[in-house]
Amino acid sequence: VGHCHPDIVKAAHEQNQLLNTNSRYLHDNLVDYAERLSRTLPEKLSRFYFLNSGSEANDLALRLARHYTNHQDVIVLDHAYHGHLTSLIDISPYKFRNLEGQKEWVHVAPVPDTYRGLYREDHEDSVTAYANEVKNIIEQAHKRGRKIAAFFVESLPSVGGQIIPPAGYFQKVAEHVHKAGGVFIADEIQVGFGRVGKHFWAFQLQGEDFIPDIVTMGKPIGNGHPIACVATTKEIAEAFAATGVEYFNTFGGNPVSCAIGLAVLDVIEKEHLQAHATQVGNFLMKLLKEQKIKHPIIGDVR
């Protein structure tokens, strides 16, 4: 919402003057923020965990998936990056290829890139073809006695090249993953909070009928302040709680962070930033596409 936005600075300052505690102490801001955030998401995603960074959020999502499914393995897209913790370097081909390599519990699917990928715009059904790549990975894993806990994907793969997956791809992949007893995790850390313009969440570009099992948030959630979140279903949260190992995060969801989170949502709404993203995005795309027609060196615009 912009550098040093006065509304955000004011919210942080006012809450700092009143009270900032660790999250063992109950405070209304956390509940107020969870309720407000829930209004932006499908009803099914009704349980929230607050953290300090996107990496923390993705690590927790991984834990939730494994507890819920009792499986270990994860499918990710090629070139993906999901964070800097050891657990996330392990599921980030962008990183692990230059470090210790691919773990046996990690499976890499091709990026659904219809411009430069395996199946392109001229393919008769690129959506099914890319989803079948995931299906094949699952079948091969099962043959080796391995079980899939999650398909972990950025709703718009960013490090992979700002790829926009063809509509319907997530639905078909989710079908294969659910059939294998896994869950679908949408990483919205870079692309959430209205940044895609016409929708508040990038996974919604796939269609209204698509709902992930877990959504992770970071970066824009606090406009630079360290706050992050994992949203999931009642069933997954209850399975996690049933382990008896409580989830605790000292500063995740503290009063100041939640005051800032609320202020960010206020600004997005008040200043119509989603509509602004749509208008500016469309304007830029139109002009860049005109350049593409003019200059053969430009292959794709996104």
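None of these values were measured; they are calculated from a predicted model. (Residues numbered from 1 in each chain as written. Predicted model: local features only at pLDDT ≥ 70, side-chain atom pairs only at ≥ 80, totals over all residues. Heavy atoms only, no water.)

### Quick word on the nonpolar core
Then, number 1: One finds Tyr33, Leu37, Phe151, Tyr169, Phe193 and Met217 to be the most contacted residues of the largest nonpolar core, which totals 55 residues.
Then, number 2: No other element matches the nine residues that helix 9 (residues 255-270) contributes to this core.
Then, number 3: Core analysis: the next-biggest nonpolar cluster, separate from the first, contains 25 residues, Ala57, Phe152, Val183 and Val230 among them. (Core = buried A, V, L, I, M, F, W, Y, C linked by side-chain atoms within 4.5 Å. Buried < 20%, exposed > 50% of the residue type's maximum accessible area, 1.4 Å probe, protein only. Helix = DSSP H or I, 4+ residues; strand = E, 2+ residues; numbered from the N terminus.)

### Let's talk about the pairing of strand 7 (residues 228-232)
Then, number 1: Along strand 7, five of the five residues are buried, which leaves the element largely enclosed by surrounding structure.
Then, number 2: Residues Ala228, Val230 and Thr232 of strand 7 are buried on one face, and the alternating residues Cys229 and Ala231, pointing to the opposite face, are buried as well.
Then, number 3: With five bridges joining them, strand 1 (residues 47-51) and strand 7 adopt antiparallel strand pairing. Bridging from a neighbouring strand, phenylalanine 48 pairs with alanine 231 of strand 7.
Then, number 4: Sheet analysis places strand 6 (residues 214-217) next to strand 7, joined by four bridges and oriented antiparallel. Bridge pairing links methionine 217 to cysteine 229 in strand 7. (Pairing = 2+ DSSP bridges.)

### What to know about the side chain of serine 257
Then, number 1: In this structure, serine 257 sits in helix 9.
Then, number 2: Residue serine 257 is classed as buried on the basis of its relative accessible area, which comes to 1%.
Then, number 3: For serine 257, the side chain forms a polar contact with the side chain of asparagine 254, separated by 2.9 Å. (Polar contact = N/O pair within 3.5 Å; in protein donor to acceptor, adjacent residues only side chain to side chain.)

### What about the domain arrangement of the protein chain?
Then, number 1: Domain assignment breaks the protein chain into domain 1 (6-271) and domain 2 (274-301).
Then, number 2: Taking only C-alpha atoms into account, the centre of domain 1 sits 28 Å from that of domain 2.
Then, number 3: Domain 1 puts eight residues into the contact, and the matching count from domain 2 is five residues.
Then, number 4: Our enumeration of links across domain 1 and domain 2 arrives at zero salt bridges.
Then, number 5: The interface formed by domain 1 and domain 2 contains three residue pairs in polar contact (both at pLDDT 80 or more).
Then, number 6: Along the lines of polarity and charge, the residues of the side of domain 1 that touches domain 2 split into three nonpolar, three polar and two charged. (Domains from an automatic or database assignment. Contact = heavy atoms within 4.5 Å. Salt bridge = Lys/Arg side-chain N within 4 Å of Asp/Glu carboxyl O. Nonpolar A, V, L, I, M, F, W, Y, C, P; charged D, E, K, R; others polar.)

### Some thoughts on the environment of threonine 114
Then, number 1: By the secondary structure assignment, threonine 114 is in the loop between strand 3 (106-109) and helix 6 (126-143).
Then, number 2: Separated by 51 residues in the primary sequence, threonine 114 and proline 165 have C-alpha atoms spaced 7.9 Å apart.
Then, number 3: Those residues in contact with threonine 114, other than ones at most four positions away along the chain, are Tyr119, Arg120, Glu121, Ser126, Tyr130 and Pro166.

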